[in-house]
Amino acid sequence: MTDHAAKRPKAPSYNQPTKNMARRRSLAHAVELLTTRRQEAAIVPADYPSRIKAAFAESDDAIRVATAPSCDESDISSWQAFRQEAVGTRSPADLTVAYLAGPEPSNDLLALLELGLRPENIWAFEVDTDAIATGLDELRSLGLRGVKFVPVSIGDYFVGTPRRFDIIYLDACGPLPSKEQKTTKLLVDIFRTSSLSPLGVLVTNFAEPDMSKGHTLETYSSLVAAYLFPKGFVEDDGVMIEGPPVHGYSAYDHEPCSEPSGDSVEDDDADWDQDSPSFPEEVRTNFSANYGSFITRQIMDIAEIVAPTTRITDGGLYKVLFDEDLAKAAARGRRFAKFNDDAFREDEDGSWHPTDVDMDGDAISESSMFSLIWTLAWLGFYPIDVNFRPPSSRVKEFAKAWKNQLLGSSPSKLSAEDLIACFYAWRHDETLWTPAMKAIRHFPYEQVMPFLCDWPTHEIGFYPAFAQLAYPAHPNIRETRRFSYVAEGKTTRMFFDVIPFDECRYVYDWLSATHLVTEDWFDLSAQLTFRFALDAIVKERRWFGDDFLYGCHVVGESDTFATAQLSQRLDLYAGMSSSVIQTDG
């Protein structure tokens, strides 16, 4: 060690027993999934279409029995071969990893080497000057050849290079979101630049914000409440239950000394609101659990909606599918957040009647179908409807910093709220669709596609066409593992998420491109093979959003075709027995 290094102040250690346990358990699960359990990492099992066909053949439903022979074994075998080529195989020595180095890069490096990875395939990133110097000294002392220690921002590296990694490990230490560390921006850039491999694992570690501070309590609990409230299903003590509105929660805190001032509809709503339990209060009361859920859901939405929308607009590829006027789409999307005052007219006798004007306000009446629109409206980024209250200036400022990070490093001239509005406008308004997409919209689904579970609709066509160009990544819910812990000598609770992501190209690319996809569907066997495979994606995300692929099931939920359940976040501590901390194979 040089004299200069010897004089360098000692950095805080990140080598506590519980932190080590969380690190090793998370990385072991990631490596195992991508190697010996790679087939389980892929969302759609290789035998899934075959199982559906077999179940239909044995069904007591005449339509299903009649449909089974229409799905040719040759098509299923062809799809299985296509899938296997996409999924492939890996050994630990084949895997590439990117991680945040910090002042002690050897902690993660040695854990990865013990799991069989090669040092040449491990990339560490650091921007802090002192941490760079300390980290380089530590790595030199190991005497390893081939280790990549790069003194740049990991986000800048993702944006600036075409390299993809099998595992990305973000031990951010800060909260999500963070104005200083820009943690949300980094997550968006990972998926916007496709820095994670088509079948890869994202490992994140975020800190719980200091809720003892009043302003932090207000800002974070408001964001978490606004984010989770419109979800169709949320976590509750390890199980998924219907969202807060179903259980009578109000989206707002009760206003002190609120008294009805008349007999208008708004006053009736305010009265009911005062009698309902407050969801923001529920978030504050059980902040750790709700914050942990927010982290997971935020990452998943970024991968499936936010980053793909940003990517497809950045490169102009959206014009293949949708009207080239993004401002027009954004304006249409904004209308989902506010009821149209001209949709009803009042007669002289005081009765109200609908006009021929669109009511709009869809995100208010069906929040789970427009969840991100609803969240952004609650936070004040769309015109305020009577159903929303303006947020406090403190919450608005905090939320603005978070919202701006949803663009990642995109050069888009549109705001994040407008890009998200575009996605929902594209999904729901066919006037924004190109002729090729309108052919998908007006395909004779009920005549050509057998009714097997849900009625077939254009939902089967919209997101796959979007996915072919936008490259979303779907979270593997079944294999997601989440931990929380407080390291020895620390007081801050940390939240580890280990989420496998699958781009499912073996499903989306099974179809011809947009202009020819409907011709594929007239081939009943090819159509059924696709629908059977797509069903596995639909089952995987059943409890995690109606924002796309709504009503695309071909087989009902059962033990054989189960919807994916998210395992409960496990609280780690150093005294756990070895039988508890083994990997989850």
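Just so it is clear, the model here is predicted, and its values are computed rather than measured.

Conventions adopted
- Each chain carries its own residue numbering, running from 1 in the direction its sequence is written.
- Local features in this predicted model are restricted to residues of pLDDT 70 or higher, and side-chain atom pairs are both shown and tallied only at a pLDDT of 80 or more, whereas totals for entire chains, interfaces and linings draw on every residue.
- Neither water nor hydrogens contribute to the side-chain values; these are computed over all heavy atoms in the structure.
- In this description a helix means any DSSP run of H or I spanning at least four residues, a strand means any run of E spanning at least two, and both kinds are numbered starting from the N terminus.
- For a helix, the expected span equals 1.5 Å multiplied by the residue count minus one.
- Burial classification: accessible surface area is computed with a 1.4 Å probe over protein chains only, and a residue below 20% of its type maximum counts as buried, one above 50% as exposed, and the rest as partly exposed.
- Stacked, tilted and edge-to-face are the three classes applied to pairs of Phe, Tyr and Trp rings, where Trp contributes its six-membered ring and a pair requires centres within 6.5 Å; stacked means planes under 30 degrees apart, edge-to-face means over 60, and tilted covers the rest.
- Note on pairing: two strands pair once DSSP finds at least 2 bridges between them.
- To obtain each axis, a line is fitted to C-alpha atoms, and for helices this fit is confined to the stretch in contact; angles are then taken between N-to-C directions over 0 to 180 degrees.
- Geometric relationships in this document are graded by angle, where less than 35 degrees denotes roughly parallel, more than 145 denotes roughly antiparallel, 65 to 115 denotes roughly perpendicular, and other angles denote oblique.
- Crossing handedness follows the turn of the near helix against the far one: under a right angle anticlockwise gives a left-handed crossing, and clockwise gives a right-handed one.
- Every residue pair with non-hydrogen atoms within 4.5 Å of one another is taken to be in contact.
- Classification convention: Asp, Glu, Lys, Arg as charged; Ala, Val, Leu, Ile, Met, Phe, Trp, Tyr, Cys, Pro as nonpolar; all other residues, Gly among them, as polar.

Residue pairs three or four apart in sequence face the same way in an α-helix, which turns once every 3.6 residues. Given a rise of 1.5 Å per residue, 18 residues ought to cover 26 Å, and the 26 Å separating the end C-alpha atoms of helix α2 (residues 17-34) matches this to within 8%. For α2, the buried fraction is high: 16 of the 18 residues fall into the buried class.

The next point concerns the packing of aromatic side chains. Here the structure, examined in full by the defined rule, presents 42 aromatic pairs. Residues W123 and F165 carry aromatic rings whose centres are separated by 6.3 Å and whose planes lie at 75 degrees to one another, so their mutual orientation is edge-to-face. With W123 in strand β2 (residues 122-125) and F165 in strand β4 (residues 165-171), this residue pair connects regions lying 42 residues apart in the sequence. A ring pair is formed by F233 and W543, whose centres lie 4.7 Å apart and whose planes are at 75 degrees; its orientation type is edge-to-face. Placement of F233 in strand β6 (residues 233-236) and of W543 in the loop between α25 (524-540) and β13 (570-571) is noted, with a sequence separation of 310 residues between them. Here F233 and W543 have matching classes, each one buried.

Now for the pairing of β6. The sheet contact formed by β6 and strand β7 (residues 239-242) spans four bridges and is antiparallel. The residue of β7 that forms the bridge with F233 is E242. The turn linking β6 back onto β7 is made up of two residues, and D237 within it adopts a positive phi angle of 50 degrees.

Here we come to the side chain of S106. Tracing the sequence through the fold places S106 in helix α7 (residues 106-114). Exposure remark for S106: the relative accessible area of 9% places this residue in the buried category.

Contact geometry of helix α11 (residues 214-228) with helix α18 (residues 393-405) gives a least axis separation of 9 Å together with a crossing angle of 60 degrees. With respect to α18, the element α11 is oriented oblique. Considering only the axes of α11 and α18, their crossing is right-handed. Residue-level inspection shows H215, E218, T219, Y220, S222, L223 and Y227 of α11 in contact with α18, the latter providing R394, V395, F398 and W402. Counted by class, the contact of α11 with α18 contains six nonpolar, three polar and two charged residues.

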